[in-house]
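Structural features, examined
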Amino acid sequence: MDVRCRLAVNMKKLRKERGWSQEALAGEARLDRTYVSGIERRVKNPTITVVERIAMALGCKLGDLLD
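Right, let's walk through the structure included here. Since we're looking at a predicted model, the values are computed, not measured.

Each helix and strand in the protein was counted, giving five helices and zero strands. Listing each helix as α and each strand as β along the protein from the N terminus yields α-α-α-α-α. Taken against the 2.2 N^0.38 rule, which gives 11 Å for 67 residues, the C-alpha radius of gyration of the protein at 10 Å falls within 12% of a compact globule. Excluding contacts between residues fewer than 6 apart, the proportion of contacts in the protein whose partners are at least 24 apart in sequence is 54%. Counting every atom, the protein has about 4,100 Å² of accessible surface; 49% of that belongs to carbon and sulfur. Side-chain charges in the protein split into 14 positive and 9 negative, and the spacing between the mean points of these groups amounts to 4 Å.

So, in structure tokens, the structure goes:
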């Protein structure tokens, strides 16, 4: 599984565990909802800075999203 796929799967899993919509995660991470959707659908290639913002919003380690 490539890194974008791992990111998408882990991000969606953690988001759903918190009961958050894509819009809620986007708000917490200060991103557009369509961008969050694009990451989860593996059509967007986020920078490491964006991945860090997502991790902070989800309250997890950066590695939790990439492992």
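A few words now on the packing of helix α2 (residues 22-29) against helix α3 (residues 33-40). Their axes nearest at 8 Å, the elements α2 and α3 cross at an angle of 110 degrees. By the angle between their axes, α2 is roughly perpendicular relative to α3. Classified by chirality, the crossing of α3 by α2 is right-handed. Note on element contacts: α3 touches α2 through R33, V36, S37 and E40, opposite Q22, E23, L25 and A26. Here the contact of α2 with α3 is composed, by residue class, of three nonpolar, two polar and three charged.

Let us look at the pattern of salt bridges. Scanning the model with the defined rule gives two salt bridges in all. The salt bridge involving E17 is made with K13; its shortest N-O contact spans 3.5 Å. In this pair, E17 and K13 are both assigned in helix α1 (residues 3-17), four residues apart and thus about one turn of the helix distant. A salt bridge links E40 to R15, with the nearest nitrogen and oxygen atoms 2.7 Å apart. With E40 in helix α3 and R15 in helix α1, the pair connects residues that are 25 residues apart, well separated along the chain. According to the relative accessible area criterion, E40 is buried, its value standing at 11%.

Now for the side chain of N10. Within the secondary structure layout, N10 lies in helix α1. For N10, the side chain forms a polar contact with the main-chain oxygen of D64, separated by 3.4 Å. There is a polar contact of 3.1 Å between the side chain of N10 and the backbone oxygen of L65. Apart from residues no more than four positions distant in its own chain, N10 is found in contact with D64, L65, L66 and D67.

About the thresholds
- Residues numbered from 1 in each chain as written.
- Predicted model: local features only at pLDDT ≥ 70, side-chain atom pairs only at ≥ 80, totals over all residues.
- Heavy atoms only, no water.
- Helix = DSSP H or I, 4+ residues; strand = E, 2+ residues; numbered from the N terminus.
- Rg over C-alpha atoms; globule rule 2.2 N^0.38 Å.
- Contact = heavy atoms within 4.5 Å.
- Areas by Shrake-Rupley, 256 points an atom, 1.4 Å probe, with all protein chains shown as cover.
- Lys, Arg positive; Asp, Glu negative; His and termini not counted.
- Charge placed at Lys NZ, Arg CZ, Asp CG, Glu CD.
- Axes fitted to C-alpha atoms, helices over the stretch in contact; angles between N-to-C directions.
- Parallel < 35°, antiparallel > 145°, perpendicular 65-115°, else oblique.
- Left-handed = near helix turned anticlockwise from the far one by under 90°.
- Nonpolar A, V, L, I, M, F, W, Y, C, P; charged D, E, K, R; others polar.
- Salt bridge = Lys/Arg side-chain N within 4 Å of Asp/Glu carboxyl O.
- Buried < 20%, exposed > 50% of the residue type's maximum accessible area, 1.4 Å probe, protein only.
- Polar contact = N/O pair within 3.5 Å; in protein donor to acceptor, adjacent residues only side chain to side chain.

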